[in-house]
Amino acid sequence: LETQRRYNYVTPKSFLEFLNFFDRLLIYKQSQLQSKIDRFKNGLATLQNTTSDVTKLQETLKITMKTVEEKRAKADEIMNKISSQK
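Residues numbered from 1 in each chain as written. Predicted model: local features only at pLDDT ≥ 70, side-chain atom pairs only at ≥ 80, totals over all residues. Heavy atoms only, no water.

Draft legend 1. A look at the overall build of the chain. Scanning the chain from N- to C-terminus turns up 1 helix and 0 strands. On C-alpha atoms alone, the chain measures out to a radius of gyration of 37 Å, which is more than a quarter above the 12 Å that the 2.2 N^0.38 rule sets for 86 residues. Projected onto its principal axes, the C-alpha positions of the chain cover 130 × 20 × 10 Å. Here the chain holds 86 residues, and the buried ones make up 0% of them. As displayed, the chain has an accessible area near 8900 Å², and 59% of this comes from carbon and sulfur atoms. Computing the positive centroid from 16 side-chain charges and the negative centroid from 10, the chain places the two 3 Å apart. (Helix = DSSP H or I, 4+ residues; strand = E, 2+ residues; numbered from the N terminus. Rg over C-alpha atoms; globule rule 2.2 N^0.38 Å. Buried < 20%, exposed > 50% of the residue type's maximum accessible area, 1.4 Å probe, protein only. Areas by Shrake-Rupley, 256 points an atom, 1.4 Å probe, with all protein chains shown as cover. Lys, Arg positive; Asp, Glu negative; His and termini not counted. Charge placed at Lys NZ, Arg CZ, Asp CG, Glu CD.)

Right under this line is the structure:
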């Protein structure tokens, strides 16, 4: 020690084990977080697709309701003609 004029430090094995454990824990937590992010993105994409589908269905419903109203008016007209003929 005195001949080389430097200190010789030794890292305890328990500290090295702690670092190894921390590294494994970090990797595990990162994978958990990534799976949650993927799940969130998948759910968000599903919601966006559903919103798009609902919008299309609402437009189709408006057109169908107009057709139904026209046919109902025709049916009422025919019913009035039949009633007036009797």
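Now that the structure is up, let's keep going.
Draft legend 2. Up close: the packing of aromatic side chains. With the rule as written, the count across this model stands at 2 aromatic pairs. Aromatic ring contacts, followed pair by pair, group Phe 15, Phe 18 and Phe 22 into a single cluster. (Phe/Tyr/Trp six-rings, centres within 6.5 Å; stacked < 30°, edge-to-face > 60°.)

Draft legend 3. View of a nonpolar patch on the surface. Taken together, the side chains of Phe 15, Leu 16, Phe 18, Leu 19, Phe 22 and Leu 26 present a nonpolar region at the surface, about 570 Å² in accessible area. Take Leu 16: it is sitting in helix H1 (residues 13-85). Since its relative accessible area comes to 46%, Leu 16 is described here as partly exposed. (Patch = residues over 30% accessible without salt bridge, like charges linked within 9 Å, V, L, I, M, F, W, Y side chains within 5 Å. Salt bridge = Lys/Arg side-chain N within 4 Å of Asp/Glu carboxyl O.)

Draft legend 4. Local environment of the environment of Ser 35. Summarising the element assignment, Ser 35 is placed in helix H1. The exposure class assigned to Ser 35 is partly exposed, which follows from its relative accessible area of 43%.

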